[in-house]
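Chain and residue survey
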Amino acid sequence: MAAIIEPVLREQLIERRQRLETAISGADEPVRLAGLLQEVDAALARFNPDTYGLCEVCHDPVERERLIADPLVSVCLGCLTPAQQRALEQDLELAARIQSTLLPPRNFASGGWRASYHYEGAGVVSGDYCDLVSAEDGSLYFMLGDVSGKGVAASMLMAQLHAMFRMLVSVGLPLNQLVERASRVFCESTLPAHYATLVCGRADCSGELEICNAGHLPPLLVRGGDVSVIEATGLPLGVFCNERFTTDHVRLSQGDALLLYTDGLSESQNFSGEEYGRDRLFKLVGERPALAPAELVAACLKDLSAFRAGMPGTDDLTILALRRAD
Ligand SMILES: [Zn+2]
């Protein structure tokens, strides 16, 4: 495990070391920076393929996500002192509070559309991304994505997606260009192993829906009792810096709905190891075509809970429903 990420982390550390040396030469407080330089050197000294990424205390592997977030980490979670564990818990609680402020109102209405969602992390924070934005022209932008990985590192990437899309939506770019710019910034500013699957859509007041699906699970389109899917039209965000994206257009009539979700729903398992699956979701949604978004999301959660029968979820879970008002 460590062998895969080691070259990237080593490169990062060498770059940080160079920056530190430059900073020390012109710093008012060279002593404080020199301490950090010693830490970086100690981490570089640990870059032996046999020992890097192993806990200094118990010699088990240090958690991968923590190493990516901070290559200087040398002790696994289990070997932290009680004081260190408390500090970490407080950090996580704060991160969760910050993440909750990035979410839109639970029940959202804009331009003749109603929307509602459920957002739940596998841990304290989530790597799923969900947002709803009213544009100046009255149209509704909706975004739902899933960042590679889980935990704090994924939640930081989620926050980055949130900031980028909020900014790009306000510029008023065509939808495909909006996603292309987001993908380029995401690719240039994250580690090579990081990417995000994402659906970005724009729903206008006349019922016209434009949608760009960057490698995400296909949203379900519900017209009466008929359920169909809008397939992916591109690769996930951030795989290549110059990716191109296309969009699909669909017109929704009054009462038609759209359901988006992350794999925390479709790939959720019960105690027998069976997956919840898309077929079960199709059936559920097709039998309840008249539900309002909040009711549809609640019905999905109830059915998922019945399927799991007490089996805890292991992945971040987000469900977003949109409906054109009657
Ligand atoms: Zn340990």
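Residues numbered from 1 in each chain as written. Predicted model: local features only at pLDDT ≥ 70, side-chain atom pairs only at ≥ 80, totals over all residues.

1. Notes on the nonpolar core
To keep things clear, this is the line we draw: As used throughout, a nonpolar core is a set of buried Ala, Val, Leu, Ile, Met, Phe, Trp, Tyr and Cys residues joined through C-beta atoms within 7 Å of each other. Three exposure classes are used, all based on how many other C-beta atoms lie within 10 Å of a residue's own C-beta (placed from the backbone): buried at 20 or more, exposed at 12 or fewer, and partly exposed between those limits. Start and end positions for the domains come from either an automated domain assignment or a database one. Contact definition: two residues whose C-beta atoms, as placed from backbone geometry, lie within 7 Å.
Counting residues in each nonpolar core, the largest one holds 68 residues, and the members touching the most others are Phe 142, Leu 259 and Leu 320. Residues lining this core come from more than one domain, with at least three contributed by each of domain 1 (2–80) and domain 2 (104–324). Those residues in contact with Leu 320, other than ones at most four positions away along the chain, are Ala 115, Tyr 117, Cys 130, Phe 142, Leu 144 and Leu 260.

2. Side note on the pairing of strand S11 (residues 317–324)
What counts is decided by this rule: Counting from the N terminus, the helices are DSSP H or I runs at least four residues long and the strands are E runs at least two residues long. Strands pair, by our definition, only if DSSP identifies at least two bridges between them.
Along S11, eight of the eight residues are buried, which leaves the element largely enclosed by surrounding structure. Bridging between strand S2 (residues 113–120) and S11 involves eight bridges; their strand directions are antiparallel. Within S11, the residue paired with Tyr 117 across the bridge is Leu 320. Two strands pair when backbone bridges link them, and strand S10 (residues 257–261) and S11 are joined in this way by five bridges, in the antiparallel orientation. Looking at S11, one finds that Leu 259 is bridged to Ala 321.

3. Quick word on the pairing of strand S7 (residues 220–223)
Side-chain alternation along S7 places Leu 220 and Val 222 on a buried face and Leu 221 and Arg 223 on a face that remains uncovered. Here S7 runs beside strand S8 (residues 226–229); their pairing, made up of four bridges, is antiparallel. Its bridge partner lying in S8, Leu 220 is registered against Val 229. Linkage of S7 to S8, two consecutive antiparallel strands, is achieved through a turn of two residues, within which Gly 224 is found at a positive phi near 60°. The pairing of S7 with S10 spans three bridges and is classified as antiparallel.

4. Side note on the domain arrangement of the chain
Selection rule: Under the scheme applied, nonpolar residues are Ala, Val, Leu, Ile, Met, Phe, Trp, Tyr, Cys and Pro; charged residues are Asp, Glu, Lys and Arg; polar residues are all the others, including Gly.
Splitting the chain by domain gives domain 1 (2–80) and domain 2 (104–324). The C-alpha centroid of domain 2 is placed 36 Å from the C-alpha centroid of domain 1. Contacts between the two partners involve four residues from domain 1 and, on the opposite side, six residues from domain 2. Broken down by element, the residue count for the side of domain 1 that touches domain 2 peaks at three residues, all from helix H3 (residues 64–69). Taken together, the residues of the side of domain 1 that touches domain 2 break down into three nonpolar, no polar and one charged.

5. A few points about unusual backbone geometry
Most of the time, phi is negative for any residue but glycine, and the peptide bond is trans. Its identity as a non-glycine residue notwithstanding, His 59 has a phi of 70°, on the positive side. Mapped onto the secondary structure, His 59 falls in the loop between helix H2 (30–45) and H3. The exposure class of His 59 is exposed, given the 10 C-beta atoms found within 10 Å. Of note in the backbone geometry, Ala 309 takes a positive phi value of approximately 50° without being a glycine. For Ala 309, the location among the structural elements is in the loop between helix H9 (293–308) and S11. Its 9 C-beta neighbours within 10 Å are what place Ala 309 among the exposed residues.

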